[in-house]
Each structure stands twice: as structure tokens, then as C-alpha cells.
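Structural overview for review
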Amino acid sequence: MVTLIHTLADHGDDVNYCAFSSSLLATCSLDKTIRLYSLNDFNELPYSPLKCHTYAVHCCCFSPSGHILASCSTDGTTVLWNTQTGHILAVLNQPNDSPVRVCRFSPDSMYLVSGAADGTVVSWNMQTYKLFRCGSVKDGSLVACAFCPNGSHFVTGSSCGDLTVWDDKMRCLHSEKAHDLGITCCDFSSQPISGDVHGLQFFRMASCGQDCQIKLWVTTLSDLSADKPEHEPKQFIETWSEEEVSSWLCAQGLEDLVNIFKMNNIDGKELLNLTKESLTDDLKIESLGLRNKVLRKIEELKVKVKSLSSGIPDEFLCPITRELMKEPVIASDGYSYEKEAIENWITKKKRTSPMTNLVLPSLVLTPNRTLKMAINRWLETHQK
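The sections below set out a description of the structure shown in this document. (Residues numbered from 1 in each chain as written. Predicted model: local features only at pLDDT ≥ 70, side-chain atom pairs only at ≥ 80, totals over all residues. Heavy atoms only, no water.)

**Structural notes on the pairing of strand E15 (residues 162–167)**
Among the six residues of E15, six are classified as buried, and the element is accordingly described as predominantly covered. Residues of E15 alternate between two faces, with Asp 162, Thr 164 and Trp 166 on one and Leu 163, Val 165 and Asp 167 on the opposite face, all of them buried. Of the strand pairs in this sheet, strand E14 (residues 153–158) and E15 are connected by five bridges, and their pairing is antiparallel. Among the inter-strand pairings, Gly 157 is bridged to a residue of E15, identified as Leu 163. Connecting E14 to the next strand, E15, in antiparallel fashion are three residues, including Gly 161 with a positive phi near 95°. Inspection of the sheet shows E15 paired to strand E16 (residues 172–177) by five bridges, in the antiparallel sense. (Buried < 20%, exposed > 50% of the residue type's maximum accessible area, 1.4 Å probe, protein only. Helix = DSSP H or I, 4+ residues; strand = E, 2+ residues; numbered from the N terminus. Pairing = 2+ DSSP bridges.)

Structure follows, in C-alpha cells:
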């Protein structure tokens, strides 16, 4: 049974989208505004409507915490709003100022993805409000986007009917013609399907199209990340669940140990306490080489986490290697990289930018002496 409890009629033109947080309802419209309502009484908030966009607002979405609202528009911008005050936190300009049709936060709120009419898809760092990675599809406008619940990958849908799967580093993992006409929407189920391959998670996804069809898909990280680098560690390994330990094992090429670790309830805290003796006596891992590999990978993980937790400013880290730069250079895309890393990138990837995925106007690399001096001063202060 469905009962109408309230009607809102404040917008002056077509309402394009609506989104819920735990306490608010957001709506956006062709009238260039976003409106916020309290879920307690459906009264509009004192600082609503939110005004910044100069053309129609196509989409809006809340961050998982509900503290930030993102809105995107034909004006080529995605605006971030503080939902408690209505103040603008940042205005993110899409490359080439292309009209932005859809935006979505990652489940951990670390990134925001925006898709545009020219097929560009941008991942924005929500700590710095700067462009993190950029990609593009061959044809059509990007009109739909959805993140996998664990944040490992996301999907975009285009007006030409293509579904494209991207990993969290903005690499295209898979693309196919999903609908004969344009895609109108896509979304993931919040609950994984129980997998039978090393305990990996499989996720259901649905796509809707202008061909009058709804298609159901299954995605799995094992299939989509075969060429991905090592699992990026969270800073607090002690809080890892058994499933997160299993995912880490798979990323290290240790899939055969997943069931052993699960049977012994190895979570993050237990992982850090593993020794040669416990691997032999408790987990019954007979292979000396396998035991040594596990211990070596754990030590590498500790080193990575120590680096992450050391407070290194993000601008001191090479965007390619995510390591502290020793010889920073400025490329023609305006970003700084470790010299050897960007030279290798250009050799392998020809002349595309690691940050924007666009063609580099020039292959000239200019030493960033100012940044190198800042890094050296930081090292003198923080490294003992």
C-alpha cells in the first residue's frame, strides 16, 4: 500500500533528480537551483535554495556521511555544498567545461566521480578537492554512474548504451554495448552474492535503458582486477575484517591460503601477530617458501602503512608511484612527478597524462626545484 504524505512544489521548472541523506531530502531542477528539506517535517531549510549554477542542474547526491552534497550542471561544474550551512566548499570544473550529467561519491567518501556530455569521467580527491584521475568513453554522454559497495570499482552508462567498468585508479576494466539505445540508470545491490571461489565477493548490478529493458549483471573483483597492482592498505590494519584479510591475500597472489586463514579466523590484528612458528604450528603451512612469502608480504604491508601514517603531505608523493619524490619534475599537464616514473610512463604510454588521461601537449619535463627544496626541508624536520 502506498500513501502520499506530502507534496513539494517550490521549484520553478522540471525537477531532474532527488536524493536522501539520513536527515535531508535534496532536489535539483532546470531552474538552476538545489533545494534542501528536513525529513522531520519536510520544511525547506533556511539557507535553501542553493544557488551557484548558471544553467540546469542535472544530478545531486549526498556523501555517505550526509555532510556534503554534490550537484552537477550544464554549466560544466560540480559544486560541493556543506549541508549544515549551505556554504560552497568547492567548485570543480570538468575538463573542457563539458556539461556534467551525473555525479557519485565513493562509499568511503574519498572520491567523487563526475561524468560529462563529452564522455569524460573524472575522479576528484575529496580531501584536496583536486582532480585525481580522468578517463573517457568513445561515444555518447555519460548519464549514469554507480559504485560497487566495497568501492573497488564503479560503472558508468552512456547515452549510446555502453556500460563501462572502472577500477578505483580510473583504469577501464571492461566495456560493452549493454542496451540498443541509451542507458538511463544503473545501480549495484548493497549485498554481495556468496561466492564459491576463494571466498571472493560477487555483486549484482542492474542497468536500465531506453530500449525498454532492464538488464541484471554480476561483477566480481577477481575478474576485473587481474592486472591491478597490490591491494592498497588501510592505515589501521588492526581493524581489518577476515574478509579484508582474504582480499589482501588474493591481491598478493596467495589465494590458496584464503581458506586456511578463514578457518583460523585471521583478521587484521591476528595478521600482524603472525610468526614463522604460528604459520607452521597453528596454520599448518608446510611449505617453507610459502611461509617466508607470507611473512615478507606482511613486512611490506607494515612498511606501506608506516609511510601512509607518517603524515607525508600528498603533494610530496608522486601521483604514479605514490612514493616520496626525490627528483620532482613538472610535466606539460601542470602536475609534478618523480622524474624516473614519468619518463617510464611516457615510454610505455606514449604521451598521455597520468592524471588527466589526455594527450600531453609537450614531452618536456622541467625540474621542480621549489618542490624539491620543500621536500628536503620536510625530511630534515620529520626524518630522524
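**Observations regarding the side chain of Ser 246**
With respect to the helices, strands and loops of the structure, Ser 246 is situated in helix H2 (residues 242–251). Judged by its relative accessible area of 4%, Ser 246 is buried. Those residues in contact with Ser 246 that sit more than four places away from it in its chain are Val 258 and Lys 262. (Contact = heavy atoms within 4.5 Å.)

**A closer look at the pattern of salt bridges**
Overall, the coordinates contain two salt bridges when judged by the stated rule. Between Arg 35 and Glu 44 there is a salt bridge, with its nearest N and O atoms 2.8 Å apart. Glu 327 is paired through a salt bridge with Lys 372; the nearest N and O atoms lie 2.8 Å apart. Taken together, the residues span a long stretch of sequence, with Glu 327 in the loop between helix H6 (288–308) and strand E21 (328–330) and Lys 372 in helix H8 (residues 369–382) at a distance of 45 residues. Residue classification places Lys 372 among the partly exposed residues on the basis of a relative accessible area of 30%. (Salt bridge = Lys/Arg side-chain N within 4 Å of Asp/Glu carboxyl O.)

**Examining the packing of aromatic side chains**
This model, assessed by the stated rule, comprises three aromatic pairs. Ring centres 4.8 Å apart and planes at 35° place the aromatic pair Tyr 111 and Phe 132 in the tilted group. Residue Tyr 111 is found in strand E10 (residues 111–116), and its partner Phe 132 is found in strand E12 (residues 130–136); the two are separated by 21 residues along the sequence. You can call Tyr 111 partly exposed: its relative accessible area is 21%. Judged by relative accessible area, Phe 132 falls into the buried class, the value being 10%. Relative to Phe 154, the ring of Phe 147 lies with its centre 5.1 Å away and its plane at 40°, an arrangement referred to as tilted. The same class applies to Phe 147 and to Phe 154, which are both buried. (Phe/Tyr/Trp six-rings, centres within 6.5 Å; stacked < 30°, edge-to-face > 60°.)

**A short note on the pairing of strand E2 (residues 24–29)**
Along E2, six of the six residues are buried, which leaves the element largely enclosed by surrounding structure. Of the two faces of E2, the one lined by Leu 24, Ala 26 and Cys 28 and the one lined by Leu 25, Thr 27 and Ser 29 are each fully buried. Two strands pair when backbone bridges link them, and strand E1 (residues 15–20) and E2 are joined in this way by five bridges, in the antiparallel orientation. When the bridges of E2 are listed, Val 15 appears paired with Ser 29. With antiparallel pairing between neighbouring strands as the criterion, E1 and E2 make up a hairpin whose turn holds three residues. The pairing of E2 with strand E3 (residues 33–38) spans five bridges and is classified as antiparallel. Looking at the pairing, Thr 27 lines up with Arg 35 of E3. Where E2 hands over to E3, the hairpin turn is made up of three residues, of which Lys 32 adopts a positive phi near 80°.

**Focus: the sheet that holds E15**
Strand order in the open sheet made by the four strands is E13-E14-E15-E16, with antiparallel pairing throughout. Where the open sheet ends on each side, the last strands, each with one partner, are strand E13 (142–147) and E16. Across the sheet, the mean angle from the axis of one strand to that of its neighbour is 15°, orientation sign disregarded. (Axes fitted to C-alpha atoms, helices over the stretch in contact; angles between N-to-C directions.)

**Side note on the environment of Tyr 55**
With respect to the helices, strands and loops of the structure, Tyr 55 is situated in the loop between strand E4 (50–51) and strand E5 (57–62). The spacing of Tyr 55 and Thr 33 is 22 residues in sequence and 8.9 Å in space, taken between C-alpha atoms. Once residues lying within four places of it in the same chain are set aside, the contact partners of Tyr 55 are Lys 32, Ser 73, Thr 74 and Asp 75.

**Focus on unusual backbone geometry**
Trans peptide bonds make up most of the peptide bonds, and negative phi angles are found at most residues other than glycine. Note that the residue after Ser 48, namely Pro 49, is joined by a cis bond; omega there is 5°. For Pro 49, the location among the structural elements is in the loop between E3 and E4. Positive phi outside glycine occurs at Asp 97, with the angle close to 55°. Within the fold, Asp 97 resides in the loop between strand E8 (88–93) and strand E9 (100–105). Given a relative accessible area of 52%, Asp 97 falls into the exposed group.

Shape is all these values report; function is a separate question.
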